[in-house]
Amino acid sequence: MIALKGIARVNNKTIKALKLRRPDPSDLRSHRRNLRGLWDAFTTHIYDEVSGYGQCSIVAQRRGDLCNLHLEAQDGHRTNTISDPLRIAQRMVERGLYKITFTETEDAFCDASSIEKALLAVLSEGFSPIPETGVAVLGNFFVDQATETGLPVLTDTSYVVLETPSQEMTPAEFRAALRQTDSAPACLAIFNERVVPYHEKSELAPFAQALLAKAKRFNEYQQDLDSAIIIWEGVYHADISPSDNNKTVLIMMDVANQYARQKEDRDITASIKLWVAVYNFNHSEGQNRITIRTMMDVANKLIDHTAPKDSRDVDSSVKIWVASHGLNVSQKHSARVVKTMMDVANKLARLDDPKEAIYGDVESALKVWDAAYRFNIDENGKLRVAKTIHDVAAKYKELREELTVLLEREKRYFADAHFYGIVLCGLYYFADDFERVLGFIDTQQGDNPSFVAMKADTLRKLKRYDESVKLCSGVIEEYTARTPLTLFQVDALVQAFCCRGYSYYENGRQGGQQEELWPAAISDFDRAIMISEVFRLPVPPRAHSGRGFVFRSMGEEDKAVAAFSAALAGDKDNVKALRQLERGS
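Residues numbered from 1 in each chain as written. Predicted model: local features only at pLDDT ≥ 70, side-chain atom pairs only at ≥ 80, totals over all residues. Heavy atoms only, no water.

1. Describing the overall build of the protein chain
No. 1: In terms of regular secondary structure, the protein chain is built from 26 helices and eight strands.
No. 2: Out of the 585 residues in the protein chain, the part that is buried amounts to 48%.
No. 3: Counted over contacts in the protein chain with a minimum sequence separation of 6, partners at least 24 positions apart contribute 59%.
No. 4: Just so you have it, the protein chain exposes about 30000 Å², and 49% of that area is on carbon and sulfur atoms. (Helix = DSSP H or I, 4+ residues; strand = E, 2+ residues; numbered from the N terminus. Buried < 20%, exposed > 50% of the residue type's maximum accessible area, 1.4 Å probe, protein only. Contact = heavy atoms within 4.5 Å. Areas by Shrake-Rupley, 256 points an atom, 1.4 Å probe, with all protein chains shown as cover.)

Below is the structure:
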């Protein structure tokens, strides 16, 4: 579409003096030819003026709507000269002039387009610029104020009609422009600047279709998913219609699933980018639920514990869980993600069937446990992960041995050094390798409560009761006087009471100090149970078992049976409690 913007005029005397052709008002090309001729003529004039100088500057000064340009030589000599600064620069270099400085004042400008405008204005004896118009040579044109205000037309003047193409595009023109563009932001810029302002939303569907086709090309042929996502997001946020938005979402979800389903070239990172982008649209509650459910379903399928080990993609599943957890949907969702991971890890390790434990995928379970540990922002969850792994170590010898080998070989399975140390020490402990527990803990820096409690229990196992009691008493004294406590500190306090209770019981039995130490042991086990209940932590079954051992040794059989029953209720696989109950019956 062509829009009439105004009329420009060029003085015929100037044209004749410069030996230029009189422009044809109906032919814009003749006007452009004359302008190119003007550049050449004025450039030649500048060369002649400054041929004896090694440096010059072009100074631009505004006078109303006009711009006067001066070429200033090194000695201050000035000549009124106007031309294309880029061309001048090139020719001056050819002539040995090594420096040109373009200076601007507060109300002056001197870029290439402004010099072109000023040239035309001077030749036309005073014109005002027409905003946002232009042809090949000029940044924009100038309108003749005389003709616009109805003044007489000069006889010695050539007039040129100024026309400029409209920015509006047809769908065909838009598709052609997209074919010439390899930048997603540029594609959207064309859409937003040359399509959206000129059309109603009801007319934008064919343009959106062209953008979606461009996004498909970016993704499938150029392997540039990021550019495709930029366009999909642009189309969605244009909010053309609910059906167009739904179509965009479905396309993105389908592409995400394609990336996830690929076996050899699976690209979970690409899938996650798309799922997260769709979720961030906040399209609808229903769509958000679908997106999250899709992510969780894909993660679970990729790590299916019933599938062959070599077909599992543990790393991809963990990545998806990380992304889903990071959506911050709700605390309930975050807890569900962690629970899912714990369930999967336990199944991978075959905790549900001791007979199959040796066949478990322990390495994969370690990766999932570690991710679950890092997800738990509350220490209760972190403790639960650590204790789950310790349950493995205590119950399944084969898994314990494999876990130990894997963790000793490299630390990469656990990103958190504290978690790594606690798990490894637990493996040594349940393997009765107490000297290695002490050796590892003694290499650790700081006074970590979990390590102190574990060291005390290890000393007890080595029958170094006095040392064990001293450590436990130190933990008890420190943490009973401190508020608030972290859950790791609470757990250390509970373990210290249990450990000191067992030390009192065993030392009293072997050293003949039953009357003095056994009541103290019962008191410590009771304190361990009470603290766990106050802080809503699982009561350690060993606290109940400890009470049972003391009561049985003291001849209080009913209390012993009740204590061992409580231990078995807290841990259905507690072999020691089960044997004691069978013995009592």
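2. Re the side chain of Ser545
No. 1: Among the secondary structure elements, Ser545 is positioned in helix α24 (residues 541-553).
No. 2: Apart from residues no more than four positions distant in its own chain, Ser545 is found in contact with Tyr502, Phe564, Ala567, Asn574 and Ala577.

3. Details of the nonpolar core
No. 1: Among the nonpolar cores identified, the biggest contains 121 residues, and Phe174, Trp232, Trp321 and Trp369 are the most heavily contacted of them.
No. 2: Residues in contact with Trp321, not counting those within four places in the same chain, are Met296, Ala299, Asn300, Ile303, Val337, Thr340, Met341, Val344, Val368 and Phe375.
No. 3: The next biggest cluster of nonpolar side chains, apart from the first, holds 16 residues, and it includes Tyr502, Tyr505, Trp518 and Ala521. (Core = buried A, V, L, I, M, F, W, Y, C linked by side-chain atoms within 4.5 Å.)

4. Description of the packing of helix α12 (residues 285-302) against helix α13 (residues 314-326)
No. 1: It is at 8 Å that the axes of α12 and α13 come closest, and there the two elements cross at 155 degrees. The orientation of α12 relative to α13 falls into the category roughly antiparallel. Regarding α12 and α13, the two cross each other, and that crossing is left-handed. Touching Ile292, Met295, Met296, Val298, Ala299, Asn300 and Leu302 of α12 are Ser316, Ser317, Ile320, Trp321, Ala323 and Ser324, all from α13. (Axes fitted to C-alpha atoms, helices over the stretch in contact; angles between N-to-C directions. Parallel < 35°, antiparallel > 145°, perpendicular 65-115°, else oblique. Left-handed = near helix turned anticlockwise from the far one by under 90°.)

5. Observations concerning helix α23 (residues 514-534)
No. 1: For α23, built from 21 residues, the straight-helix expectation of 30 Å at 1.5 Å per residue is met to within 8% by its first-to-last C-alpha distance of 30 Å.
No. 2: Burial in α23 covers these residues: Leu517, Trp518, Ala521, Ile522, Asp524, Phe525, Ala528, Ile529, Ile531 and Ser532.
No. 3: Residues of α23 that are buried in the fold lie against α22 (487-511) and α24.
No. 4: Of the residues flanking the end of α23, it is Arg536, one or two places downstream, whose phi is positive at about 55 degrees. (Expected span 1.5 Å × (residues − 1).)

6. Quick look at the layout of surface pockets
No. 1: By volume, the second largest pocket amounts to about 400 Å³.
No. 2: In this structure, the second largest pocket is lined by 16 residues; those nearest its centre are Ala260, Arg266, Val298, Lys301 and Leu302.
No. 3: Here the lining of the second largest pocket takes five residues from α12, the largest share from any one element.
No. 4: Within the lining of the second largest pocket, the residues separate by chemical class into five nonpolar, three polar and eight charged. (1 Å grid on protein atoms, 1.4 Å probe; cavity = no way out; pocket = protein on both sides within 12 Å on 5 of 7 lines; lining within 4 Å. Points joined across faces, edges and corners; volume = space filled by probe spheres on them. Nonpolar A, V, L, I, M, F, W, Y, C, P; charged D, E, K, R; others polar.)

7. A word on the confidence of the model for the protein chain
No. 1: Summary statistics for the protein chain give a mean pLDDT of 75 and a share of 68% for residues scoring 70 or more.
No. 2: Between residues 52-56, whose pLDDT stays under 50, and residues either more than four places distant or in other chains, the model counts 20 contacts.
No. 3: Segment residues 74-156 is flagged for pLDDT under 50; beyond a separation of four residues in sequence, or across chains, it makes 194 contacts in the model. (pLDDT = per-residue confidence, 0-100.)

8. Focus: the pattern of salt bridges
Opposite charge on two side chains allows them to pair when their charged atoms are near.
No. 1: Enumeration according to the criterion identifies 19 salt bridges in this entry.
No. 2: Taking the shortest distance from any N to any O, the salt bridge between Arg460 and Asp457 comes out at 2.9 Å. Of the two residues, Arg460 and Asp457 both sit in helix α20 (residues 449-461), three residues apart, roughly one turn of that helix. The exposure classification of Arg460 matches that of Asp457, with both residues buried.
No. 3: Between Asp457 and Arg542 there is a salt bridge, and its shortest N-O distance comes to 3.0 Å. Residue Asp457 is found in helix α20, and its partner Arg542 is found in helix α24; the two are separated by 85 residues along the sequence.
No. 4: You can call Asp457 buried: its relative accessible area is 9%.
No. 5: One network of salt bridges, with partners in common, ties together Asp457, Arg460, Glu506 and Arg542. (Salt bridge = Lys/Arg side-chain N within 4 Å of Asp/Glu carboxyl O.)

9. Section: unusual backbone geometry
No. 1: For Asp239, which is not glycine, the phi torsion reads 50 degrees and is therefore positive.
No. 2: By the secondary structure assignment, Asp239 is in the loop between α9 (225-238) and α10 (242-261).
No. 3: We classify Asp239 as partly exposed; its relative accessible area is 40%.
No. 4: With a phi angle near 55 degrees, Arg536 is a residue other than glycine that sits in the positive phi range.
No. 5: Structurally, the position occupied by Arg536 is in the loop between α23 and α24.

10. Focus on a positive patch on the surface
No. 1: Positive charge collects at one region of the surface, where Lys461, Lys463, Arg509 and Lys576 lie side by side.
No. 2: You can see Arg509 is positioned in helix α22. (Patch = residues over 30% accessible without salt bridge, like charges linked within 9 Å, V, L, I, M, F, W, Y side chains within 5 Å. Lys, Arg positive; Asp, Glu negative; His and termini not counted. Charge placed at Lys NZ, Arg CZ, Asp CG, Glu CD.)

11. Things to note about the packing of α9 against α10
No. 1: The contact between α9 and α10 brings their axes to 9 Å, and the two run at 160 degrees. Looking at the two axes, α9 sits roughly antiparallel to α10. By crossing handedness, the relation of α9 to α10 is classed as left-handed. Residues Leu225, Trp232, Val235 and Tyr236 of α9 form the contact with α10, whose participating residues are Asn245, Thr248, Val249, Ile251, Met252, Val255 and Tyr259.

12. Points about the packing of aromatic side chains
A ring pair, where both rings are aromatic, is described by two values, the distance of the centres and the angle of the planes.
No. 1: For the structure shown, the criterion picks out 11 aromatic pairs.
No. 2: Aromatic side chains Tyr429 and Phe430 sit 5.3 Å apart centroid to centroid with 90 degrees between the ring planes, which places their arrangement in the edge-to-face category.
No. 3: Overall, Tyr429 belongs to the buried group, its relative accessible area being 12%.
No. 4: The interplanar angle of 35 degrees and the centroid separation of 5.8 Å between the aromatic rings of Tyr505 and Trp518 together place this pair among those described as tilted. (Phe/Tyr/Trp six-rings, centres within 6.5 Å; stacked < 30°, edge-to-face > 60°.)

13. Some thoughts on a nonpolar patch on the surface
No. 1: Taken together, the side chains of Met530, Val534 and Phe535 make up a nonpolar region of the molecular surface, amounting to roughly 280 Å² of accessible area.
No. 2: Of the residues examined, Val534 reaches a relative accessible area of 58% and is grouped as exposed.

14. Concerning the environment of Ala205
No. 1: Among the secondary structure elements, Ala205 is positioned in helix α8 (residues 205-220).
No. 2: Its relative accessible area of 33% is what places Ala205 among the partly exposed residues.
No. 3: Ala205 sits 30 residues away from Val235 along the chain, and the two C-alpha atoms are 9.9 Å apart.

15. Section: helix α25 (residues 557-570)
No. 1: An ideal rise of 1.5 Å per residue puts 20 Å on 14 residues; α25 measures up with 20 Å between its terminal C-alpha atoms.
No. 2: All of the buried residues along α25 are Ala560, Ala563, Phe564 and Ala567. In an axial view of α25, the angular spread of the buried residues amounts to 95 degrees, which keeps them on one side of the axis. Among the exposed residues of α25, those pointing more than 90 degrees away from its buried face are Asp558 and Ala569. (Arc of directions from axis to C-beta.)

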